[in-house]
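# Geometric and topological summary
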Amino acid sequence: MQPYIDEITTAGDGLHDHYGERTPFTMLKAEQNNILIAEKLSDHVKTWSCINATGGYGAGFWTGSYASLSETISQALLECPSATDEYHSLDRLNLISLIKSLLAHHTDTTPQEWEMTFTSTGTEAMDFVLQQILLEGYSLASGVHAHQDKDVLITCRGAWHGWSVASLQLLDRRQFTDGIPKLPNVTNSYIRYGDIDSLKKAFATYSGRIRAVFVEGLLGDGGVIKASDAWWQELRNLCTKENARLIDDEILTGLRTGAFLACPQGIKPDVITLGKALGLGLFPVSLVAWRDKSLSPRPGVGVRTFNARPLQARIINQALKSFLAEHQFEQCAAKGLMLLNALKEVVAKYPQVYREVRGQGLLLGVELAKPYAKKGRFIRDTLLRLGVLTEVESGQLGTHIPREERVHETLRMTPPFSITEQECLAIAEIFEKAGQKILAGENHALYS
Amino acid sequence: MLAADTTKQEAIENKIRDFLVNDLMKDTAQSVSLEDELDIDSIEQVEIRVFLEENFQVDLKTSQVPLNKIKNLIDLAIAAS
């Protein structure tokens, strides 16, 4: 293995660099919630173990619990037919029934109200939703669009809704949108997540023109920000009054915040998307659920090669059933609160490095202080060298955002639910150690 | 250079440095020389372009000038004004 480690830590794995600079780290092996990391130094390759506090863009929520699924996976590989979405499947029925009951419970609705389809990635789910929104009211027979006056799509500053040409249009960041064709006949407007005044102002400005509002369960890339119950209620009320669709993007937030969804219990979105954790870190599986039949796409729209194939459906269904039987929502809430409180103490000790810790359940973010507002990668690498893997969120730093409302880069944690209390405390200790080292002026050559 | 031109250039330079320090969080931009190369990534290039467009009506569609020196930014702003 050694020659390969030397090679890969020097030249990388060959994947295209989408970042302008990939990290110098190679992940060699996982063991429960830990990952063995390698980095090439001047004269040798250093390896060390770190706590996985990310799950890999939040997808690996089940990482650390795969052993419990091995029997189900083996059996499913032998038995499950490759039924496409044109055919029915008992495994799919079981999964859909379970998810509809969870959706109904969280939103105080009934399972029968929900329609559902599966997509592969979160991006694909959001692209499907955009098709639903744009096609609602359109008659294929006449070519007439009954909702053509409703041209405004509202999203949140700093939001992230996927990488497709269409879903990129929902972002307020020109580094992602410039050069990509705009959707015709659509006006984009942006609100400040969780800000009731911003919400009311947008609805007043575009009254009668708002077709849909897209929000995340918690704002993710914009800095891991939670909105109040009052904001959600106001949003629901305004959407109902305006006859605008409320889209709740729970792709990042679903399952991990101590409940099935991150939006408050009883809020009734028109459309909900899930992904990331839903696929267990094993499959790219996402879903779109909606309550109003008028949002159902016309025949031919939304057919997918992988629409919860029975193999996927059986494994996910088994994983969800075990998760519920083990009362993992409650445990996510408890462990997340423990980590949040421990990190609050660290943030209070090192205000020169950390500005604030926020979040809910096992979705937490530590916003960096002003001197490190755009040095997220440096802090992330420092933390990794000390033993904890985090991810950098962009925050809200564009010049289009008033300075007093900006959010600095934020280190996001979306650990697998198998993370232990001891590991949560260790994460906080490592944040403390990083704070000490950074203030002491020690930089890139930081090792525990 | 006339005194008025000098004043104008200084005002532009101050505005650019303020943008680099307080919007792009480039602490060093407060004190670097006009010719020093700044460490600008692709996202920041977009921010600089938007800043120049919105504040000085700079049209960069045909410009090949790299946006990595304060002097270049000042020259672009002056040329557009």
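Quick caveat, the model's predicted, so the values are computed rather than measured.

Take the confidence of the model for chain A next. Averaged over all residues, the pLDDT of chain A equals 94, while 98% of them reach at least 70. A low-confidence stretch, residues 444-448 of chain A (pLDDT under 50), is modelled with 14 contacts involving residues beyond four sequence positions or located in other chains.

So, on to the pattern of salt bridges. Residues and elements named next belong to chain A. Inspection of the entire model under this criterion finds 39 salt bridges over all chains. The closest approach of N and O atoms between Arg314 and Glu79, which form a salt bridge, is 2.8 Å. A residue pair is termed long-range when its members are at least 10 positions apart, and Arg314 in helix H8 (residues 310-325) and Glu79 in helix H2 (residues 70-79) qualify at 235 residues. Residue Asp195 is joined to Arg192 by a salt bridge in which the shortest nitrogen-to-oxygen separation is 3.4 Å. For Asp195, a relative accessible area of 19% puts it in the buried group. Residue Arg192 is classed as partly exposed on the basis of its relative accessible area of 30%. Connected through salt bridges with shared partners, the residues Glu113, Glu136, Arg236, Arg245, Asp270, Arg291 and Asp292 form a single ionic network.

Turning our attention to the packing of aromatic side chains. Each aromatic ring pair is summarised here by two numbers: the centre-to-centre distance and the angle between the ring planes. Residues and elements named next belong to chain A. The full count for this structure, using the stated rule, is 17 aromatic pairs over all chains. When the centroid spacing of 5.6 Å and the interplanar angle of 80° are considered together, the rings of Phe61 and Trp62 count as edge-to-face. Measuring from ring centre to ring centre gives 5.5 Å for Trp231 and Trp232, while their planes differ by 85°; the resulting arrangement is edge-to-face. Comparing Trp231 with Trp232, the two get one shared label, buried. In textbook terms, an aromatic cluster arises when at least three aromatic residues are bridged by ring pairs, as seen for Phe61, Trp62, Phe323, Phe329 and Phe417. In this structure, Arg309 is placed above the aromatic ring of Phe306, and the distance from its NZ or CZ to the ring centre is 4.7 Å.

A separate point is the packing of helix H2 (residues 42-56) of chain B against helix H3 (residues 70-80) of chain B. Residue and element names in this part refer to chain B. Two elements in contact, H2 and H3, have axes whose closest approach is 10 Å; the angle formed by their N-to-C orientations is 30°. In this view, H2 runs roughly parallel relative to H3, as classed from their interaxial angle. Crossing handedness for the pair H2 and H3: right-handed. Across the interface between the two elements, Ile48, Leu52 and Phe56 of H2 pack against Leu73, Leu76, Ala77 and Ala80 of H3.

We now examine the confidence of the model for chain B. Residue and element names in this part refer to chain B. The predicted model of chain B has a mean per-residue pLDDT of 89, with 99% of residues at 70 or higher. By mean pLDDT, the top-scoring element of chain B is H3 (93), and the lowest-scoring one is H2 (89). Across the interfaces of the predicted complex, the ipTM metric reaches 0.82, alongside a pTM of 0.94.

Attention shifts here to the layout of surface pockets. Residue and element names in this part refer to chain A. Taken as a whole, the second largest pocket spans an internal volume of roughly 480 Å³. Taken together, 23 residues line the second largest pocket, and the ones lying closest to its centre are Asp85, Arg92, Met116, Thr117 and Asn307. Contributions of two or more residues to the lining of the second largest pocket are made by helix H3 (90-107) and strand S4 (115-119). Sort the elements by how many residues they give to the lining of the second largest pocket and S4 lands first, with 4 residues. Of the residues in the lining of the second largest pocket, the class split is 11 nonpolar, 7 polar and 5 charged.

Conventions and cut-offs
- Residues numbered from 1 in each chain as written.
- Chains lettered and ligands numbered in written order.
- Predicted model: local features only at pLDDT ≥ 70, side-chain atom pairs only at ≥ 80, totals over all residues.
- Heavy atoms only, no water.
- pLDDT = per-residue confidence, 0-100.
- Contact = heavy atoms within 4.5 Å.
- Salt bridge = Lys/Arg side-chain N within 4 Å of Asp/Glu carboxyl O.
- Helix = DSSP H or I, 4+ residues; strand = E, 2+ residues; numbered from the N terminus.
- Buried < 20%, exposed > 50% of the residue type's maximum accessible area, 1.4 Å probe, protein only.
- Phe/Tyr/Trp six-rings, centres within 6.5 Å; stacked < 30°, edge-to-face > 60°.
- Lys NZ or Arg CZ within 6 Å of the ring centre and 35° of its normal.
- Axes fitted to C-alpha atoms, helices over the stretch in contact; angles between N-to-C directions.
- Parallel < 35°, antiparallel > 145°, perpendicular 65-115°, else oblique.
- Left-handed = near helix turned anticlockwise from the far one by under 90°.
- 1 Å grid on protein atoms, 1.4 Å probe; cavity = no way out; pocket = protein on both sides within 12 Å on 5 of 7 lines; lining within 4 Å.
- Points joined across faces, edges and corners; volume = space filled by probe spheres on them.
- Nonpolar A, V, L, I, M, F, W, Y, C, P; charged D, E, K, R; others polar.

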